[in-house]
Structure formats: C-alpha cells, structure tokens
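Chain by chain, the residues run as shown.
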Amino acid sequence: MKKVLLASACLFALAAPASAADLAARPYTKAPVAVASVYNWTGFYLGIVGGGAWENGSGDPKMKGGFVGGTAGYNWQTGNVVFGIEADGSWADVSASVTGATVVPGFGVATATASSKTDAMGTVRGRIGWAVNNVLFYGTGGYAWIDNKITLSALGLSVSDSKFHSGWTVGAGVEAFFAPQWSVKGEYLYRSLGGETYFSGALPTGTLNFHTVQVGVNYHFGGPVVAKY
C-alpha cells in the first residue's frame with residue numbers, strides 16, 4: 001500500500017506542472033483610446049441676435065434702447081486662424097425725446113416735443129479670429145446702417161420724416177460651441193452713422209454714434225466637429 005501511495009504522489013507531482021502549463025493564458029485587452037473632439041469652424045451658419053444700444057455723445061437726451069434680429073455668415077478656417085463674413089439685421093427701439101417751449105408763428109409760445117427713434121439697424125462685416133478648439137476670439141469691422149425717424153409734435157399735431165443713415169462699425173467678440181452644431185457669442189460694436197437732413201433740408205443732423213452690446217446663438221450647417229483618435 002505504501003508503494004501504491006508513493007507512486008500516486010509522484011505521478012501527481014509530475015502531472016501538476018503539466019496541467020498548469022496547459023491552462024490558457026489570460027488574453028490582454030488594450031485600454032480604449034480616448035476620443036478628442038476637434039472643432040472646425042469652416043461653414044455656413046444662421047442665428048438670432050439681440051442686445052442693447054446707447055448713443056455716444058456729450059449732450060442729453062441720448063438715444064438708447066434694444067434690438068433683436070437675425071444673422072447669417074460663413075467662416076473659413078486655416079490652422080487656428082478663422083476668416084469670415086457676417087451680415088445681420090434687427091428690429092430696434094432705440095429712441096430719445098425732448099419737450100420744451102417753442103414759438104409757433106401766429107399762435108405764440110407752445111409746448112413742443114421732438115423725438116428721434118431708430119427702428120431698424122444692421123451691419124455687413126468681415127471677421128478674423130483665433131480658434132482655440134471650440135472657442136473663437138475675433139475682431140470685426142465693416143458697413144453699418146440704421147433707419148431713423150424724427151417726429152415733431154406741437155398743438156396736437158405731429159409731422160415725421162425718416163432717413164436711412166450709412167456708416168461704419170468696428171468691434172470684437174468671443175464665440176464658443178456648446179453642442180456639435182450650436183454656438184453662442186457675445187459681441188461689442190461701435191457704430192458711426194453719417195448725418196442726414198430731415199424735413200426737406202430744414203433739420204440737418206450730425207453724425208450718430210452708438211455703442212452696442214449683443215449676444216447671439218448660431219446654428220452651423222455641415223457638422224463642424226471632427227473626431228480625432
């Protein structure tokens with residue numbers, strides 16, 4: 001019996017290493033590579049924009065108010081540099097009025113009110129900026145316009161005249177993607193509009209200068225996000 005047990009122990013000792021060698025090695029699984037999103041700003045976009053405007057000047061009252069409208073543009077990106085062209089148009093309520101005494105021929109002294117209101121405004125601008133992945137810092141400048149109306153009221157009567165003012169604008173802003181095809185932007189523009197003459201030459205105006213601060217949301221067509229492994 002001792003011989004049988006001894007032989008069995010020897011056989012088990014010889015077989016154990018062989019059995020361990022026959023076990024399959026655990027497969028090696030490589031960790032997945034992280035995916036980074038690289039934003040390419042090239043492409044066409046549409047959006048909405050709104051903000052506030054106030055007249056730059058030394059006298060009072062100054063025109064001020066708000067506006068809301070739409071935006072369309074196109075970007076080209078090369079490296080980190082982004083070139084673009086953008087146009088916007090807005091409905092506006094930017095106004096001021098003054099009331100005082102005036103002499104009305106054939107009547108005498110009467111209370112009169114003069115008001116000026118910009119009810120539409122827009123720009124056509126170039127943009128150039130520096131993209132840091134999904135964030136774009138840019139400067140901008142180009143053509144600006146407003147549609148303005150002056151109203152004179154006295155003795156229960158009112159007369160109005162509207163003029164189209166053209167000029168230039170310059171400013172800067174920052175825009176950032178918050179979703180694959182959506183971006184949000186904040187922008188400051190200084191707008192300088194040339195003077196016009198109202199009421200058939202009776203009332204000339206000087207240059208109208210405005211500060212404007214606006215925010216907007218844009219939808220970019222074509223999917224500007226590229227997956228990089």
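Structure: above.
Residues numbered from 1 in each chain as written. Predicted model: local features only at pLDDT ≥ 70, side-chain atom pairs only at ≥ 80, totals over all residues. Heavy atoms only, no water.

Enquirer: Help me understand unusual backbone geometry in this model?
Expert: Where the residue is not glycine, phi is negative for most of them; where a peptide bond is considered, it is trans in most cases. The backbone of N133 sits at a positive phi, close to 55°, despite the residue not being glycine. You can see N133 is positioned in the loop between strand 5 (108-132) and strand 6 (135-154). Looking at N133, the relative accessible area reads 38%, which means it is partly exposed. Notably, S200 is not glycine yet its phi reads approximately 55°, a positive angle. Here S200 shows up in the loop between strand 9 (197-198) and strand 10 (203-204). (Helix = DSSP H or I, 4+ residues; strand = E, 2+ residues; numbered from the N terminus. Buried < 20%, exposed > 50% of the residue type's maximum accessible area, 1.4 Å probe, protein only.)

Enquirer: Just to check I follow, could you spell out the pairing of strand 2 (residues 43-55) for this structure?
Expert: Looking down a regular strand, the side chains alternate between one sheet face and the other. Where strand 2 and strand 3 (residues 64-78) come together, 12 bridges link them in antiparallel fashion. Among the inter-strand pairings, L46 is bridged to a residue of strand 3, identified as A72. When strand 2 meets strand 11 (residues 208-220), the two strands line up antiparallel, connected through 11 bridges. Of the residues in strand 11, the one forming a bridge with A53 is T212. (Pairing = 2+ DSSP bridges.)

Enquirer: How should I be thinking about the side chain of D161 in this particular structure?
Expert: Looking at the element boundaries, D161 is found in strand 7 (residues 157-179). Here D161 is buried and forms no salt bridge, its nearest opposite-charge partner K163 lying at an N-O distance of 4.2 Å. Setting aside its immediate chain neighbours within four residues, D161 contacts N148, K149, I150, Y198, F199 and S200. (Lys, Arg positive; Asp, Glu negative; His and termini not counted. Salt bridge = Lys/Arg side-chain N within 4 Å of Asp/Glu carboxyl O. Contact = heavy atoms within 4.5 Å.)

Enquirer: How should I be thinking about the pattern of salt bridges in this particular structure?
Expert: If charged atoms from side chains of opposite charge come close, those side chains can pair. Evaluated as defined, the whole model comprises seven salt bridges. The salt bridge partner of D88 is R125, with a shortest N-O separation of 3.0 Å. One end of the pair, D88, is in strand 4 (residues 81-104); the other, R125, is in strand 5, and 37 residues separate them in sequence. D88 gets classed as buried once you look at its relative accessible area, which sits at 8%. The shortest N-O distance in the salt bridge between R127 and E175 comes to 3.2 Å. Within this pair, whereas R127 is found in strand 5, its partner E175 is found in strand 7, the two being separated by 48 residues in sequence. The class of R127 is buried, set by a relative accessible area of 6%. Linked through salt bridges whose partners overlap, the residues forming this network are E86, D88, R125, R127, E175, K185 and E187.

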